[in-house]
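# Structural features, examined
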Amino acid sequence: MKRFLILAAIVAFLPAALRAGDSFQNDLTAVPRKGWFDGGNIELELMSGVVGAPIVGDHTSYHYTDTELRLGWMLYSPHWSGFLRGNLELLANIGGGGVFEGPGSAFGSVGGMLRYNFVQPSARVVPYFQGGAGAFISNISDNRRQEDVGGTIEADLRAGVGTKFFICHGWSLDAEIFFEHVSNADTQTRNVGINALGGLVGISRSF
């Protein structure tokens, strides 16, 4: 009789135990870990480096530091196939730096960029290219001996390429190079413009 009661108890509690196990397994798999580039994800970047001009020609020499804080939003999850597999990301940025060679002493910038990430499944290295526009705010125009920058606020156009190196879930180290053009579209009497090359390194966090 005692063995019968033990066996009956096991049979009675076995379905409940199995359901509990299934529930635990479902909890583990119901919400998979979200990918960095999934649509709707937010990315925060902090980048810093140096920019130099001119690229070619006999113009005024400029060298300045550049530090930028960027907020990115994945417009959609990666699709297509092969090398072109990837997604578009919209970024807003604010930054600034100091001029250590050339007229002026400091500048600030604000703008936006559109980036295409080349995303391969499970890749730990992701290249990208990007382009954008914004405002370049400086005191360079206060120097009347230069002809490059005629206004306090000028247009800032950029295009560049970069790479993300993923170090752990949610974090990456980044490096990029870019071309920058600063001008005022002849709205000022001085508008030779600045054509520069820059290099930035930094760190990103995905949310």
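Refer to the structure above for everything that follows.
Residues numbered from 1 in each chain as written. Predicted model: local features only at pLDDT ≥ 70, side-chain atom pairs only at ≥ 80, totals over all residues. Heavy atoms only, no water.

### Examining the overall build of the protein
As a reminder, the rule being used: Only DSSP runs of H or I with at least four residues qualify as helices, and only runs of E with at least two residues qualify as strands; both kinds are numbered from the N terminus onward. When checking whether two residues touch, look at their non-hydrogen atoms; a contact exists if any pair is within 4.5 Å. Note on areas: Shrake-Rupley with a 1.4 Å probe; residue coverage comes only from the protein chains shown.
Helix and strand content of the protein: 1 helix and 8 strands. Reading the secondary structure of the protein in the N-to-C direction produces α-β-β-β-β-β-β-β-β. In the protein, 62% of the contacts between residues at least 6 apart in sequence involve partners at least 24 apart. Only carbon and sulfur atoms are counted for the fraction: they give 67% of the accessible area of the protein, which is about 11,700 Å².

### Observations regarding the pattern of salt bridges
Operational definition: For salt bridges, the criterion is a side-chain nitrogen of Lys or Arg within 4 Å of an Asp or Glu carboxyl oxygen. Only protein chains enter the calculation, and the probe is 1.4 Å; a residue is then buried if its accessible area is under 20% of its type maximum, exposed if over 50%, and partly exposed in between.
The full count for this structure, using the stated rule, is 13 salt bridges. Between R158 and E68 there is a salt bridge, and its shortest N-O distance comes to 2.4 Å. In this pair, R158 is assigned in strand β6 (residues 153–168) and E68 in strand β2 (residues 62–74), connecting sequence segments 90 residues apart. The buried category is assigned to R158, whose relative accessible area is 12%. You can call E68 buried: its relative accessible area is 1%.

### Some details on the sheet that holds strand β4 (residues 106–118)
Hydrogen bonds along the backbone pair up the strands of a sheet, which may run parallel or antiparallel. This is how the line gets drawn: In short, DSSP must find at least two bridges between two strands for them to pair. In this analysis an axis means a line fitted to C-alpha atoms, helices contributing only their contacting stretch, and an angle means the value between N-to-C directions, from 0 to 180 degrees.
Pairing in this closed barrel of 8 strands is antiparallel, and the strands run β1-β2-β3-β4-β5-β6-β7-β8 around the ring. The sheet shows a mean angle of 25° between the axes of neighbouring strands, direction not considered. Bridge count for β2 against strand β3 (residues 86–101) is 10 bridges, and the pairing is antiparallel. The residue bridging G72 from the neighbouring strand is L91, located in β3.

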